[in-house]
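One letter stands for each residue in the lines below.
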Amino acid sequence: MALLTVSDTRGPDEDSSGDILAQRIEAAGHILADRTIMKDDAALITAGLQIWIGRADVDAVIITGGTGLTGRDVTPEALDRVKTKDIPGFGELFRWLSFKTIGTSTVQSRACAVVAQSTYIFALPGSNGAVKDGWDGILAEQLDARNRPCNFVQLMPRLMER
């Protein structure tokens, strides 16, 4: 698994949402193969994602940041450049969970997920609360092969079927 923080203002010392995700990823028994911070630049994000998509040790990428409405928020646009398929239910469920925490402000979130070749990519807002909602409410279960009735892990061998 790889972890990307998208931010024009955060460095390693200020990346609290990335720290939260890294801790949860490792606590769940996943291997964090790579972690980085990139500026809000669609071309830069796309290039980084393409590298991870090509790596055998990265079957999922979790992104925090760049999912808002401002002119600098370009994470969904970068995902559009690498995706094979959308996972619309991820954003829908994220906003439903987030509504319980932040109310109607959740409509400003463009949290989303895609499959890119055989790699899952999940994009969450950059706030600490959002990454907790996304991991605890969705990803912890869906990235656990024991979750029933189904999970993302069991589909991994079949993502490249044609």
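Along each chain, residues carry numbers from 1 onward, in the same order as the chain's sequence is written. Where totals are concerned, whole chains, interfaces and linings use all residues; where local detail is concerned, this predicted model gives features only for residues with pLDDT of at least 70, and gives and counts side-chain atom pairs only at 80 or more. Only heavy atoms go into the side-chain values, all of them from the structure, while hydrogens and water stay out.

Caption draft 1: The pairing of strand 5 (residues 112–116), seen in detail. Burial analysis of strand 5 places five of its five residues in the buried class, which makes it a mostly covered element. Accessible area is worked out with a 1.4 Å probe on protein chains only. A residue is then buried under 20% of its type maximum, exposed over 50%, and partly exposed in between. Helix and strand assignments follow DSSP, with helices taken as H or I runs no shorter than four residues and strands as E runs no shorter than two, numbered in order from the N terminus. Where burial is concerned, the two faces of strand 5 agree: the one with Cys112, Val114 and Ala116 and the one with Ala113 and Val115 are both buried. One ladder, built from five bridges, connects strand 5 with strand 6 (residues 119–124); its direction is antiparallel. Residue Cys112 lies in a different strand from strand 6, and its bridge partner there is Ala123. Any two strands with at least two DSSP-identified bridges between them are counted as paired.

Caption draft 2: Region of the structure containing the packing of helix 4 (residues 88–102) against helix 5 (residues 128–142). To obtain each axis, a line is fitted to C-alpha atoms, and for helices this fit is confined to the stretch in contact; angles are then taken between N-to-C directions over 0 to 180 degrees. Put simply, helix 4 and helix 5 touch, their axes get as near as 10 Å, and they point 120° apart. Taken together, the axis directions place helix 4 and helix 5 in an arrangement best described as oblique. Like other packed secondary-structure pairs, helix 4 and helix 5 cross with a definite hand, here right-handed. Seen from helix 4, the contacting residues are Phe90, Leu93, Phe94, Leu97, Ser98 and Thr101; seen from helix 5, they are Ala130, Asp133, Gly134, Gly137, Ile138 and Leu139. Reported orientations rely on four angle classes, namely roughly parallel under 35 degrees, roughly antiparallel over 145, roughly perpendicular from 65 to 115, and oblique for the rest. Each crossing is labelled by how the near helix is turned from the far one, with a counterclockwise turn of less than a right angle marking it left-handed and a clockwise turn marking it right-handed. Here, two residues are considered to be in contact whenever any of their heavy atoms come within 4.5 Å of each other.

Caption draft 3: Looking closely at the packing of aromatic side chains. Aromatic pairing here means that ring centres of Phe, Tyr or Trp (its six-membered ring) are within 6.5 Å. Orientation follows from the plane angle: under 30 degrees is stacked, over 60 is edge-to-face, and everything else is tilted. By the definition in use, this model includes four aromatic pairs. When the centroid spacing of 5.3 Å and the interplanar angle of 50° are considered together, the rings of Phe90 and Phe122 count as tilted. Of this pair, Phe90 sits in helix 4 while Phe122 sits in strand 6, placing them 32 residues apart in sequence. For Phe90, a relative accessible area of 3% gives the class buried. Looking at Phe122, the relative accessible area reads 0%, which means it is buried. Consider the rings of Phe122 and Phe152, whose centres lie 5.4 Å apart with planes at 40°: the pair is tilted. Taken as a pair, Phe122 in strand 6 and Phe152 in helix 6 (residues 152–155) lie far apart in primary sequence, 30 residues in all. Here Phe122 and Phe152 have matching classes, each one buried. One aromatic cluster is present, formed by Phe90, Tyr120, Phe122 and Phe152 through successive ring pairs.

Caption draft 4: Quick peek at the sheet that holds strand 4 (residues 85–86). Spatially, 2-1-3-6-5-4 is the arrangement adopted by the six strands of the open sheet, whose pairing is mixed. Edge strands, defined here as strands with exactly one partner in the open sheet, are strand 2 (34–38) and strand 4. Helix 1 (residues 16–27) rests against strand 1 (2–6), strand 2, strand 3 (60–64) and strand 6 of the sheet, and its axis sits at about 150° to strand 3. Taken strand by strand, helix 4 contacts strand 4, strand 5 and strand 6, and its axis lies near 30° from that of strand 6.

Caption draft 5: Spatial organisation of the pattern of salt bridges. Throughout this description, the term salt bridge denotes a Lys or Arg side-chain nitrogen within 4 Å of a carboxyl oxygen of Asp or Glu. Scanning the model with the defined rule gives 11 salt bridges in all. Between Arg35 and Asp19 there is a salt bridge, and its shortest N-O distance comes to 2.7 Å. Residue Arg35 is located in strand 2, and its partner Asp19 is located in helix 1; the two are separated by 16 residues in the primary sequence. In this structure, a network of salt bridges that share partners links the residues Asp15, Asp19 and Arg35.

By themselves these figures say nothing about function.
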